[in-house]
Structures are given as structure tokens and as C-alpha cells.
Amino acid sequence: MRSWSSPLVPSLAAEGLGTGPAPVVHDTASGAPTPLGGEADARLYVCGITPYDATHLGHAATYLTFDLLQRAWLDQGRGVSYTQNVTDVDDPLLERATATGIDWVELAERETQLFREDMTALRVLAPQNYIGAVESIDLVVDLVGRLEKAGAVYAVDGDLYFEVHADPRFGSVSGWDAGTMARVFGERGGDPDRPGKRDPLDCLLWQAERPGEPAWDSRLGRGRPGWHIECAAIALAHLGTDFDVQGGGSDLVFPHHEMSASEASVATGERFARSYVHAGMVGFEGEKMSKSKGNLVLVSALRADGLDPMAIRLALLAHHYRSDWEWFDTEIITAKARLAAWRAGVDRTSTAPAAPVVAALRSALADDLDAPAALAAVDAWAEESGDDPAAAGQVRLAVDALLGVAL
Ligand code: 5CA
Ligand code: ZN
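A.B. asks: What should I look at first to understand the side chain of Arg123 in this one?
C.D. replies: Here Arg123 is to be found in the loop between α3 (104–121) and β5 (129–132). By relative accessible area, which is 16% here, Arg123 ends up buried. Other than its neighbours up to four places away in sequence, Arg123 contacts Pro7, Leu8, Asp67, Arg71, Met310, Arg313, Asp400, Gly404, Val405 and Ala406.

What follows is the structure, encoded as C-alpha cells:
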């Protein structure tokens, strides 16, 4: 699938500003701060959208989290290999298509294109591999074959299930107990009560064709892929095993990331991802912002209102990625004022020196992607006066490279 075009990331090293440290982030699986070091290119997989509605601020906040992580890696002088999927066939998409009378392929294409435009406007770094579920069906079928060889697959009325306990480490991503898993599994697309399953948590790998739904011919019979195996197959094919980070919003910790990790490690005998990084949930008016609740604040709507995408970016960065937070329309007023203050700051002919603010930005990012601390450092610099004629240009570059904000 076509990706979008990434903004250029200036090299601070090339400007004589040195390099940054390896980022340390909170890993959901271990529950501990984890240094994401290494010499080779960092490999990142982030779960992409299910394109049945436009990008809301919660999605944008999640993708910005991994944009910051990549900027920290790039500032170290490390390359990044980034893969993101598009769940372009799944129940919610098909249900929305039926409810609105739009062809599901057309709906997916339209919303994916809008997402690309939103990401471009927000200057979010693009994945090199932007991969749809539909174009990955062969990969899914192959991976199910490997699970069959491992003896971890069984059928219920023609649908194929993954036996989660084939993975001795099942449960290690979320760390949840069986009762919590069973409850949340049912709430998030799972089918714990389906008769014929060996374990309530076993998850669907391949769903046999249902009347009126799209299906593909395969060795597994005519049908379509389950959700978790989609991300396992795409990540393994484009990044390999033992990649650095599996990312997404915290609603994906269980079952999605738990299941993908187990499927991939049973199929390959190797670890799926080294670390699991999750962004908090963004709410609006007291509830999680979600398509089904209809309380979305859309990036495209804010853009259509003439709001500077850099102000939207700053409004999102004002919250730490791990916190759950609520959007209030007043956030945008604060963000516009901040953007104006920063722009006035870099337009001055002489300012306070750049080195301390660059160091503060780097240490804030390296410390679990602490964007609010990074913003505070730039706020302070923009208020301070000084007689350095070169600093404004350097701060402009650092804000671009590390925070992705074009001043
Ligand atoms: N296609 C799947 C992942 S494979 C999916 O969850 N799609 S989604 O469109 O529902 O969400 C896209 C991304 O945004 C996911 O990483 C999800 O965790 C994140 N996300 C969804 N809602 C919110 C929210 N309210 N706040 C923050 N992030 C969110
Ligand atoms: Zn996913």
C-alpha cells in the first residue's frame, strides 16, 4: 500500500550539535523503564487504523508517540525501519460499510487516504512499509500453516482457532490473570463463549466465508484472516522476529498484542518484539474517544476549520503519551499561544544560547518520551533574553528534528 511522504528530519549532528542518548521507555510487558539501545537500525511496528472513519485526536496522539520515538532514535544517528498496517478488512469496517451503503473497499480507500493526509499535515514520520491486510492474505495463510505444523490450530465449524496455551509465555505481554483476560476478550472482539473452543481465550486465525462478506480462496478454505494474525504476519514478514518495539494504544495490550506475540513466537520459536510500548487513551467529554461512541474530534475537521496543524501537534504533545487524558476545546487556545510564542522566539536576532535547550529536549525525550517537559524547556528559552546570534536557528532546527514542529 502507498505510504505518505515523510517530512525531512534535520540532522543536529551535522549542525555541530552532537547526538542524543538512547531513549528509555516504559515497556508494558516488563513494567519497567527499558533502554532501547543497539547498533543496527531500530525496527518498529505500530498497529495502524481500521479505516472505517476519519482520524481522531486519539489516533493522532498514538502515532505522534511513535513519531517521537523515531526522532529520538534518528538523533542518536540510528536508522529506523518502520512498518505499520491498515486493517482494511475486519468486522467494524464491514459493519460500517453495510450500515452506510458504501462499498467496503471504497470506504477503506477513502478513509486511508484521509489518514495519509492527516499524518502528512501533522508531520508524522511515515512507515517505509505501509501494509494492508488484504494485500497480506498470502502471508497470513503461510503463517497459519506454520502454526498448524506446530500443532497449535484447530477448527470450529470451519473457522480456524489458535490454541493460546501452545505458547508457554502466553499472558506475558499484559501480565493479566485469566479472569481479566476472559472479560476483556469478550469486550474487544473476542468470542470467549463460543461452543467448541478448547479454551475461551483461543482466538480466530481464519474465518470461513459468511454470506454477503468478502472472502478469499486459500489452502485454508474460502474465508478471511482474523485480526491478530494479520499484525503477526505483517510484522514478521517486514521486520523479522525480535524487533525493537511493538506499539499502539493501550486498548491493544490485550487481546491484540498478547495474541499476535503468542502466534508469532509459536510459529517461529523466537521472540516477537523485545518491548511493548502503549499510548494512553484520549477521551472527549468524559468518555474514551471512539468511533462507536460517536464522540470523535477529527483531525481533518480541525484542519478544515483553518487550525494550523502545528498547533494541533503541540496540543497533543502537551500530554504525556502514557497518561489517559481528555480533550477540551480550550487545549487549542493554549497550543496556538505556545506556537506564536515559539515563532516569535526564533524570529529574534539574538537570544539565549541553544545548547541548554537542545540538551533539555534530548533528555526529556530520552526519559520515556516526556514531551511536556520538552515543551516547557522551549517555553522557557522563548521567554529568556540573550545575545547569541546563532541560537535561534539552532533551536528552530532542534524543535523540528526532535519534536517535529515546523516554526
Ligand atoms: N487496526 C487496529 C490495530 S491493528 C486498530 O486498533 N485500529 S483503530 O483504528 O481502532 O486504532 C488505530 C490506533 O489508534 C491503534 O493503535 C489504537 O490503539 C489507537 N487508538 C484508538 N483509539 C484511541 C484513543 N481514544 N486514544 C488513543 N489511541 C487510540
Ligand atoms: Zn495490530
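A.B. asks: I tried to follow the coordination of the zinc ion (ligand 2) on my own but got confused; where do I start?
C.D. replies: By definition of the ideal shapes, four donors in a tetrahedron about a metal sit 109.5 degrees apart, and six donors in an octahedron sit 90 or 180 degrees apart. Protein coordination of the zinc ion (ligand 2) is provided by Cys47 (SG), Cys231 (SG) and His256 (NE2), with donor distances spanning 2.0 to 2.2 Å. If you look at the zinc ion (ligand 2), its four donor atoms make angles of 103 to 118° with each other, and the shape they trace is tetrahedral. Mapped onto the sequence, the residues coordinating the zinc ion (ligand 2) show the spacing C-x183-C-x24-H. Residue Cys47 is located in the loop between β3 (42–46) and α1 (57–75), and its partner Cys231 is located in helix α6 (residues 227–239); the two are separated by 184 residues in the primary sequence.

A.B. asks: I tried to follow the environment of Ala178 on my own but got confused; where do I start?
C.D. replies: Within the secondary structure layout, Ala178 lies in helix α5 (residues 178–187). Classification of Ala178 by relative accessible area gives exposed; the value is 55%. A C-alpha to C-alpha distance of 8.7 Å links Ala178 and Leu201, two positions 23 residues apart in sequence.

A.B. asks: Looking at this structure, how should I read the state of the cysteines?
C.D. replies: Covalent bonding between the sulfur atoms of two cysteines is what defines a disulfide. Taken as a whole and assessed by the stated rule, the structure comprises zero disulfides. Unpaired in terms of disulfides, Cys203 finds its nearest cysteine sulfur in Cys231, a separation of 12 Å.

A.B. asks: Help me out: how do you make sense of the nonpolar core in this one?
C.D. replies: Nonpolar side chains tend toward joint burial in soluble globular proteins. Residues Leu57, Leu69, Trp327, Trp342, Leu403 and Val405 are the most contacted members of the largest nonpolar core, which totals 78 residues. Top contributing element to this core by residue count: α1, with 10 residues. Sequence-distant contacts of Trp327, that is, excluding residues within four places in its chain, are made with Leu57, Gly283, Phe284, Glu285, Met289, Val297, Leu302, Ala315 and Ile332. Among the nonpolar cores identified, the runner-up in size contains 43 residues, and Leu147, Val184, Trp206 and Met259 belong to it.

A.B. asks: Is there a simple way to think about the side chain of Asp118 in this case?
C.D. replies: Residue position: Asp118 is located in helix α3. Of note is the side chain of Asp118, whose polar atom sits 3.0 Å from the side chain of Thr55. Leaving out residues up to four positions away in the same chain, Asp118 has contacts with Thr55, Val299, Ser300 and Arg303.

A.B. asks: What should I look at first to understand the environment of Ser5 in this one?
C.D. replies: Mapped onto the secondary structure, Ser5 falls in the segment before β1 (24–27). A relative accessible area of 52% means that Ser5 is categorised as exposed. Distance from Ser5 to Leu125, taken between C-alpha atoms, is 7.8 Å for residues 120 residues apart in sequence.

A.B. asks: Help me understand the site of ligand 1, please; the structure alone is not making it clear to me.
C.D. replies: Contacts to ligand 1 come from 23 residues, most closely from Gly48, Thr50, Thr62, Thr87 and Asp251. At 2.8 Å from a nitrogen atom of ligand 1 is found a side-chain nitrogen or oxygen belonging to Thr50. Within the contact set of ligand 1, a nitrogen atom lies 2.9 Å away from a backbone nitrogen or oxygen of Val282. Of all the elements, α1 adds the most residues to the shell around ligand 1, at four residues. In the shell around ligand 1, the residues fall into nine nonpolar, 12 polar and two charged.

A.B. asks: Help me understand the sheet that holds strand β7 (residues 159–162), please; the structure alone is not making it clear to me.
C.D. replies: Pairing between the strands of a sheet comes from backbone hydrogen bonds, and it takes one of two forms, parallel or antiparallel. Pairing within the open sheet is antiparallel, and its four strands lie in the order β6-β7-β8-β9. In this open sheet, the two edge strands, each paired with only one partner strand, are β6 (153–156) and β9 (223–225). Going from strand to strand, the sheet's axes swing by 30° on average, the running direction of each strand aside. One ladder, built from three bridges, connects β7 with strand β8 (residues 203–208); its direction is antiparallel. Counted as the bridge partner of Tyr161 is Leu204 from β8. Here helix α4 (residues 137–149) sits on the sheet in contact with β6, β7, β8 and β9, set at roughly 120° to β8.

A.B. asks: I keep staring at unusual backbone geometry and nothing clicks. Help me out?
C.D. replies: Keep in mind that most residues, glycine aside, have a negative phi and that most peptide bonds are trans. For the peptide bond that leads from Phe254 to Pro255, omega is 0°, which places it in the cis range. Tracing the backbone through its elements, the reader meets Pro255 in helix α7 (residues 253–268). Of note in the backbone geometry, Asp157 takes a positive phi value of approximately 50° without being a glycine. Structurally, Asp157 is set in the loop between β6 and β7. What makes Asp157 exposed here is its relative accessible area of 70%.

A.B. asks: Looking at this model, I keep getting lost on the packing of helix α12 (residues 371–383) against helix α13 (residues 391–403). Mind explaining?
C.D. replies: Any two packed helices are characterised by the angle at which their axes cross and by the distance between the axes. Following both chains from N to C, one finds α12 and α13 inclined at 165°, their axes separated by 12 Å at the closest point. Judged by the inter-axis angle, α12 sits roughly antiparallel to α13. The two elements α12 and α13 meet at a crossing, and its hand is left-handed. Contacts between α12 and α13 involve Ala374, Leu375, Val378 and Trp381 from the first element and Ala391, Ala392, Val395, Val399 and Leu403 from the second.

The rules we used
Residues numbered from 1 in each chain as written. Chains lettered and ligands numbered in written order. Predicted model: local features only at pLDDT ≥ 70, side-chain atom pairs only at ≥ 80, totals over all residues. Heavy atoms only, no water. Helix = DSSP H or I, 4+ residues; strand = E, 2+ residues; numbered from the N terminus. Buried < 20%, exposed > 50% of the residue type's maximum accessible area, 1.4 Å probe, protein only. Contact = heavy atoms within 4.5 Å. Donors = N, O, S within 2.8 Å, 3.2 Å for Na, K, Ca; no water. Tetrahedral: all angles 85-135°; square planar, octahedral: opposite > 155°, others 65-115°. Disulfide = S-S within 2.5 Å. Core = buried A, V, L, I, M, F, W, Y, C linked by side-chain atoms within 4.5 Å. Polar contact = N/O pair within 3.5 Å; in protein donor to acceptor, adjacent residues only side chain to side chain. Near = heavy atom within 4 Å. Nonpolar A, V, L, I, M, F, W, Y, C, P; charged D, E, K, R; others polar. Pairing = 2+ DSSP bridges. Axes fitted to C-alpha atoms, helices over the stretch in contact; angles between N-to-C directions. Parallel < 35°, antiparallel > 145°, perpendicular 65-115°, else oblique. Left-handed = near helix turned anticlockwise from the far one by under 90°.

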